[in-house]
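What follows is the residue order along each chain.
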Amino acid sequence: MSKTKLTLNVNGKSVEAEAEPRELLIHVLREQLEITGPHIGCETSHCGACTVEIDGRSVKSCTMFAIQAQGTEITTIEGLGNPDKLHVLQEKFKEHHGLQCGYCTPGMITRAHRLLEENPNPTEEDVRFGIAGNLCRCTGYQNIVKAVLAAADELNQPEAVA
Amino acid sequence: MSAAEETMQERQAALKGLGTSRKRVEDARFTQGKGNYVDDIKMPNMLFGDFVRSQHAHARVVSIDKTAALELPGVVAVLTAEDLEPLSLHWMPTLAGDKQMVLADGKVLFQGQEVAFVVAEDRYIAADAVDLVKVEYEELPVLVDPFKAELPDAPVLREDIADQKEGAHGPRRHPNHIFTWEQGDKAAAEAVIEEAPVVAEEMVYYHRTHPCPMETCGAVASMDKVNGKLTLWGTFQAPHVVRTVASLLSGIAEHNIRVVSPDIGGGFGNKVGVYPGYVCSIVASIVTGQPVKWIEDRMENLSATAFARDYWMQGKIAATKEGKILGLWCHTTADHGAFDACADPTKYPAGFMNICTGSYDIPTAYLAVDGIYTNKAPGGVAYRCSFRVTEAAYFIERMIEVLAIKLNMDAADLRALNFIKKEQFPYQSALGWEYDSGDYHTAWNKALDAVDYRGLRQQQSQQVEDFKAGKTRKLMGIGLCHFTEIVGAGPVKNCDILGMGMFDSCEIRIHPTGSAIARLGTISQGQGHATTFAQILATEIGISADDITIEEGDTDTAPYGLGTYGSRSTPVAGAATAMAGRKIRAKAQMIAAYLLEVHDNDLEWEIDRFVVKGAPERFKTMKEVAFASYTQEIPGVEPGLEAVSYYDPPNMTYPFGAYICVMDIDVDTGVTDIRKFYALDDCGTRINPMIIEGQVHGGLTEALAIALGQEIAYDELGNVKTGSLMDFFIPTSWETPNYETDFTETPSPHHPIGAKGVGESPNVGGVPAFSNAINDAFRAFGLTHTHMPHDHWRIWKTANDLGLHS
């Protein structure tokens, strides 16, 4: 099958890839671009392990063709923080034990990041509703919700820098 | 506080040892997307494998035509049973003494069964080729109901063993019958039930479900033909056993096989078994000389690997009029699917189902389990529980409720009346276990007080009155559960898997500068072993947990162990860690004595150092001793500071807990709302309270899933009706409540640090608590028992059957 050249902006860098029309974005990210933070958990858009941010929206990259992402700006977990300066959400997930096996974590944090962008002062109910598209089998969500609320608090401190 | 005491406290805190809510060392990589799961592995020239699977539940395979698939550019090979037969790999042994087809050999026995393995250059081409393999089937009658398995017109499923009258677990009375397993005294139990003043009876069905970890199963096999070495990365909860099995099956010497479990995205029992995908990946790599990756998709995961439960438990419980339990009888029909691939210790074909007397002092009991073949997927794994312990706990906790109804007694009082008393431990159960320790009354009373149980019952009565008066359409259920688990398998004298004794191991090396590495035979799948095992060791050897690396999962470097499942890591490998730590300390004491020029016995251990008795200013820290062990000649002592321990536990451990769930139920929609969930766990000595609490939250949520909707359902043709996350219920953050956790601490008397294991308690205790709440809500309207899963429709139907909609 013929391949289409893609130019994407991933985590602030312009990158080139090639994909068949049927190729899913998650496969291009993971296998060509070696961005393995987003994971595959279901292929049916239910679990959210593959969540990335595209042009300011949360997207489950297992149900989007890579060619649909042509020219977009994509942020994955790898683009949120780095070893020298973690994102507040990454810090808070650690602090509040918001992860166990780690498989859902990149998608969960990426989703929580968008949620807080859109709603900087969420209630617990807002958080629970806002991350309901991301499944976790280990934590029972309680500490994830705690971590997201704690991150929101910290980001709302006047001196905070994301 | 004196300065010396303060320093002692500071030194203690610096260790981050037992009892500390130490933050997890795993989290840095996981929060940054830098975990290394099996599907993240990428190798030069790596090929992808994918299965052709049967759409039929029972059919003869008339022919397989792979011509078109092989003609597709990029397809490297298509393997069928015919190709595996010369290697004797078309069948493989199961963990339960049966055998299982790797690829369909003449017939298929369940929907989703592996028929052919396509190997191609990428996963898209492999998927295309799967569609091009033409398989001609001749359909056969399907058996999905285990109660019809032995009827005269029942189809014979396993023609390969139809004539065998003796199976791995004794006589077989029918071609579709696998085993009968009996425990306890049948005649005595039946006599007690015959004569007892009160007998309650119920059929308790624990439906078929699935562990469904976020990451599915997968493997990468790489045969290096130059060096004759096979490396196998995969989602293995028991990597060392996989190495031994791979060696026995393939004929490759065990030292030439390296099995690696990288990061695992949740296991919950799903990743204990050996699956056809692993075998086919190995064969494909041997055939092609290239690395081969195989990763299940979610539908394959749900329909083909590792179901759990599916126990029909017929029960009778006898008591005096005052509620003192006299006897228990249980007959279980166990639907094992097409192959008996249950992951249980060899001598326990129904796992530890004989813990079904629960937390109660029941003088006489009898249990029989009949294993049955049906046209369903094989598995029978311990989904977040020790072997069949959740079935046992669900059974007894439902029977207690049913008995309370029969006696017209409060179910909390009935439990308290029958608990094994603190002074009765160690307690010999009627079905053969020696419970090591427990204090059930204390835990129970703490739980009842914490939720104001009597107050809740008053509220509930009022609500029933209001309902009857038409003031509300909601009912309130109070779900009680006091469970006793049996974990930490187990003593080698009676526990083995494929002949391998169920010990576990730890090997420690202290580095010259006083940091350390410890390797274990277990493998974390999210439990945080790298964090907690370092804490055990920190307390034992006085080196900060932050200075100890924990490694697991690489069979070339880790000592042999049986892996992580059945809450066995802390009870067995945790014990090995403590024991190896004590060996380090014993040697260190000799070195310290030499350095301080005193006798060994003149030293005492104090947090992180050896101190000369009566002369606290004279001491050597473990760090100083470690340095000396590498840099100085110590007469009579070998250089270096290392130890290894293989721990064979003298007994199981018996964690327990008291759970109370308060549920509101909308009678007209069947929608449930969890108002409160209180969970008290006693897992003995607590290593890391933060991690324990996290385990409890997670286990309760898996219990919620199972009790309220999660099932693997089949139609009468053997079609899987719940094969994707559209139909297979996993709770989201929206329907999951906040849990209140609590604890008591009754250390195990035989475990080196008194720990018992906790990861599975919340699933074992949670399922009965949720289910009892649903049943309890309708008790006032005449309901005795209704089966799980309690999804909205079934709850609505229960209300409707009770006439509550008219």
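None of the values given here were measured: they were computed from a predicted structure.

Definitions and limits used
- Residues numbered from 1 in each chain as written.
- Chains lettered and ligands numbered in written order.
- Predicted model: local features only at pLDDT ≥ 70, side-chain atom pairs only at ≥ 80, totals over all residues.
- Helix = DSSP H or I, 4+ residues; strand = E, 2+ residues; numbered from the N terminus.
- Rg over C-alpha atoms; globule rule 2.2 N^0.38 Å.
- Buried ≥ 20, exposed ≤ 12 C-beta atoms within 10 Å, placed from the backbone.
- Contact = placed C-beta atoms within 7 Å.
- Domains from an automatic or database assignment.
- Nonpolar A, V, L, I, M, F, W, Y, C, P; charged D, E, K, R; others polar.
- Axes fitted to C-alpha atoms, helices over the stretch in contact; angles between N-to-C directions.
- Parallel < 35°, antiparallel > 145°, perpendicular 65-115°, else oblique.
- Left-handed = near helix turned anticlockwise from the far one by under 90°.
- pLDDT = per-residue confidence, 0-100.
- Pairing = 2+ DSSP bridges.

### Quick notes on the overall build of chain A
Then, number 1: Summing up its helical and strand segments, chain A has five helices and five strands in all.
Then, number 2: The linear arrangement of helices and strands in chain A, starting from the amino end, is β-β-α-β-β-β-α-α-α-α.
Then, number 3: Relative to the 2.2 N^0.38 estimate, which gives 15 Å for 162 residues, the radius of gyration of chain A is 16 Å and therefore close to what a compact globule would have.
Then, number 4: By principal-axis analysis of the C-alpha atoms, chain A measures approximately 50 × 35 × 25 Å.
Then, number 5: Residue burial in chain A is summarised as follows: out of 162 residues, 57% are buried.
Then, number 6: Contacts in chain A between residues at least 24 apart in sequence constitute 58% of all its contacts with a sequence separation of at least 6.

### Examining the domain arrangement of chain A
Residue and element names in this part refer to chain A.
Then, number 1: Taken domain by domain, chain A consists of domain 1 (4–79) and domain 2 (88–156).
Then, number 2: Taking only C-alpha atoms, the centre of domain 1 and the centre of domain 2 are 21 Å apart.
Then, number 3: On the side of domain 2, eleven residues touch domain 1, which itself brings 15 residues to the contact.
Then, number 4: Residue contributions to the side of domain 1 that touches domain 2 peak at three residues, all from strand 3 (residues 51–54).
Then, number 5: The residue inventory of the side of domain 1 that touches domain 2, partitioned by class, reads six nonpolar, eight polar and one charged.

### Section: the packing of helix 15 (residues 569–596) of chain B against helix 16 (residues 622–631) of chain B
Residues and elements named next belong to chain B.
Then, number 1: Contact geometry of helix 15 with helix 16 gives a least axis separation of 9 Å together with a crossing angle of 85 degrees. Our classification of the angle between helix 15 and helix 16 gives roughly perpendicular. When helix 15 is examined against helix 16, the residues Ala588, Ile591, Ala592 and Leu595 are found in contact with a partner set consisting of Met622, Val625, Ala628 and Ser629.
Then, number 2: Taken together, the residues that form the contact of helix 15 with helix 16 break down as seven nonpolar, one polar and no charged.

### A few points about the packing of helix 2 (residues 88–95) of chain A against helix 3 (residues 105–118) of chain A
Residue and element names in this part refer to chain A.
Then, number 1: At a closest axis distance of 10 Å, the pairing of helix 2 and helix 3 adopts a crossing angle of 125 degrees. One finds that helix 2 runs oblique with respect to helix 3. Between helix 2 and helix 3 the crossing geometry is right-handed. For the pair helix 2 and helix 3, contact is made by Leu89, Gln90 and Phe93 and by Thr105, Ile109, Ala112 and His113, respectively.
Then, number 2: Looking at the contact of helix 2 with helix 3 residue by residue, the class counts come to four nonpolar, three polar and no charged.

### A few points about the confidence of the model for chain B
Then, number 1: Confidence along chain B averages 97 in pLDDT terms, with 100% of residues attaining 70 or more.
Then, number 2: Model confidence for the complex: the whole-complex pTM is 0.97, and ipTM, which rates the interface, is 0.97.

### Some words on the interface of chain A and chain B
Then, number 1: Taken residue by residue, the interface counts 45 residues in chain A and 43 residues in chain B.
Then, number 2: Among the elements of the structure, helix 2, helix 3, helix 4 (124–130) and helix 5 (142–156) of chain A are those that each provide at least two residues to the side of chain A that touches chain B.
Then, number 3: With four residues, helix 2 of chain A is the largest single contributor of residues to the side of chain A that touches chain B.
Then, number 4: Looking at side-chain class alone, the side of chain A that touches chain B contains 20 nonpolar, 17 polar and eight charged residues.

### Brief notes about the sheet that holds strand 8 (residues 134–139) of chain B
All names here are of chain B.
Then, number 1: Across the sheet, three strands lie side by side as 6-2-8; this open sheet has antiparallel pairing. Because the sheet does not close on itself, it has two edges, and the strands there are strand 6 (107–108) and strand 8.
Then, number 2: Bridge count for strand 2 (residues 59–65) against strand 8 is six bridges, and the pairing is antiparallel. Each bridged residue has a counterpart across the sheet, and for Ile64 the counterpart in strand 8 is Val135.

### Overview of unusual backbone geometry
Residues and elements named next belong to chain B.
Then, number 1: That bond from Phe425 to Pro426 is cis: its omega, -5 degrees, falls within 30 degrees of zero.
Then, number 2: As for its placement among the helices and strands, Pro426 is situated in the loop between helix 11 (411–418) and strand 21 (427–428).
Then, number 3: At the junction of Met788 and Pro789, the peptide bond is cis and its omega measures out at -10 degrees in the coordinates.
Then, number 4: As for its placement among the helices and strands, Pro789 is situated in the loop between helix 18 (761–777) and helix 19 (792–801).
Then, number 5: In the Ramachandran plot, Arg388 falls in the positive-phi region, its phi being about 60 degrees despite a non-glycine side chain.
Then, number 6: As for its placement among the helices and strands, Arg388 is situated in the loop between strand 20 (379–381) and helix 10 (389–407).

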